[in-house]
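Fold and contact review
These are the residues of each chain, in order.
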Amino acid sequence: MGSSEDGDRSSSGGSSNYVLDIYPLSCYYFGSKDPLLLKDETLADRVLRMKSNYARYGLRTCVVAVILVELFKHPHLLLLQVKNSFFKLPGGRLRPGESEINGLKRKLSRKLSVNEDGDGSDWEVGECLGMWWRPDFETLLYPYLPPNVKNPKECTKLFLVKLPPSRKFIVPKNLKLLAIPLCQLHENDKTYGPIIAGVPQLLSKFSFNIIDS
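Residues numbered from 1 in each chain as written. Predicted model: local features only at pLDDT ≥ 70, side-chain atom pairs only at ≥ 80, totals over all residues. Heavy atoms only, no water.

The name given to the protein in an unreviewed UniProt entry is Pre-mRNA cleavage factor Im 25 kDa subunit, and the organism recorded there is Vitis rotundifolia. In the Subunit (unreviewed entry) part of its UniProt record, the protein is described as follows: "Homodimer. Component of the cleavage factor Im (CFIm) complex." Its UniProt record gives the protein the following Subcellular location (unreviewed entry) comment, quoted word for word: "Nucleus". (UniProt positions renumbered as here; feature names shortened; annotations may be inferred.)

Written out as structure tokens, the structure is:
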């Protein structure tokens, strides 16, 4: 067994829930599968699509996963890189009427598992760590909902997803699954965007328990 970086915190009353076990990257197998069909659209096209979907379905809700592994005795976040360009957390948009947990499990199975049509029962989705809001179609996402905004257009929710001691990650050939150290993400909006750059702060309440392989 590994050792907690902050044993006092885990032994205090009720705070043991904030100890997060993470396993070495070497415990996991990585393979590939057929590429996903990715939308090739301009920013104007995306705004038009969002407006059309909002008129039909209302608020757009996205769910994404915060998945951690250990490498060089440091916690790393798993990110998808699209077109050798931008980075994103695994996940995506919910279908109308779909629950957040089931939707995230579906998205994780589609992008990271062999069986895309499975029920996602092998994914352990934990607590919601944070939420980001898009007040209008053209605006950026914010980590809060301004009180004057009555009809936000998009909400992105970040969920902690805990990994088992081993599993297979099967990734579409046109995506890359990368493990990035938390220290590299912190306040690095320019490279990773504000949502990903804010993940280390969302995890600040946790002690990381590195499990030896």
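1. Thoughts on the environment of Lys39
Residue position: Lys39 is located in the loop between strand E2 (29-33) and helix H2 (43-57). Note on Lys39: relative accessible area 56%, which makes it exposed. Residues in contact with Lys39, not counting those within four places in the same chain, are Arg49 and Lys83. (Helix = DSSP H or I, 4+ residues; strand = E, 2+ residues; numbered from the N terminus. Buried < 20%, exposed > 50% of the residue type's maximum accessible area, 1.4 Å probe, protein only. Contact = heavy atoms within 4.5 Å.)

2. A look at the side chain of Gln81
Checked against the element boundaries, Gln81 lands in strand E5 (residues 74-82). Not counting residues up to four positions away in its chain, the partners in contact with Gln81 are Phe86, Phe87, Asn174, Leu175, Lys176 and Leu178.

3. Re helix H3 (residues 100-112)
Within an α-helix, residues lying three or four positions from one another point in the same direction, as the helix has 3.6 residues per turn. With 13 residues, H3 extends 18 Å between its outermost C-alpha atoms, agreeing within 8% with the 18 Å of an ideal straight helix rising 1.5 Å per residue. The set of residues buried in H3 consists of Gly103, Leu104, Lys105, Arg106, Lys107, Leu108, Ser109, Lys111 and Leu112. (Expected span 1.5 Å × (residues − 1).)

4. Things to note about the pattern of salt bridges
This structure, assessed with the given rule, holds eight salt bridges. Glu154 is paired through a salt bridge with Arg60; the nearest N and O atoms lie 3.5 Å apart. With Glu154 in strand E9 (residues 154-162) and Arg60 in strand E3 (residues 60-66), this pair connects stretches of sequence that are 94 residues apart. A salt bridge links Arg106 to Glu98, with the shortest nitrogen-to-oxygen separation between them at 2.8 Å. (Salt bridge = Lys/Arg side-chain N within 4 Å of Asp/Glu carboxyl O.)

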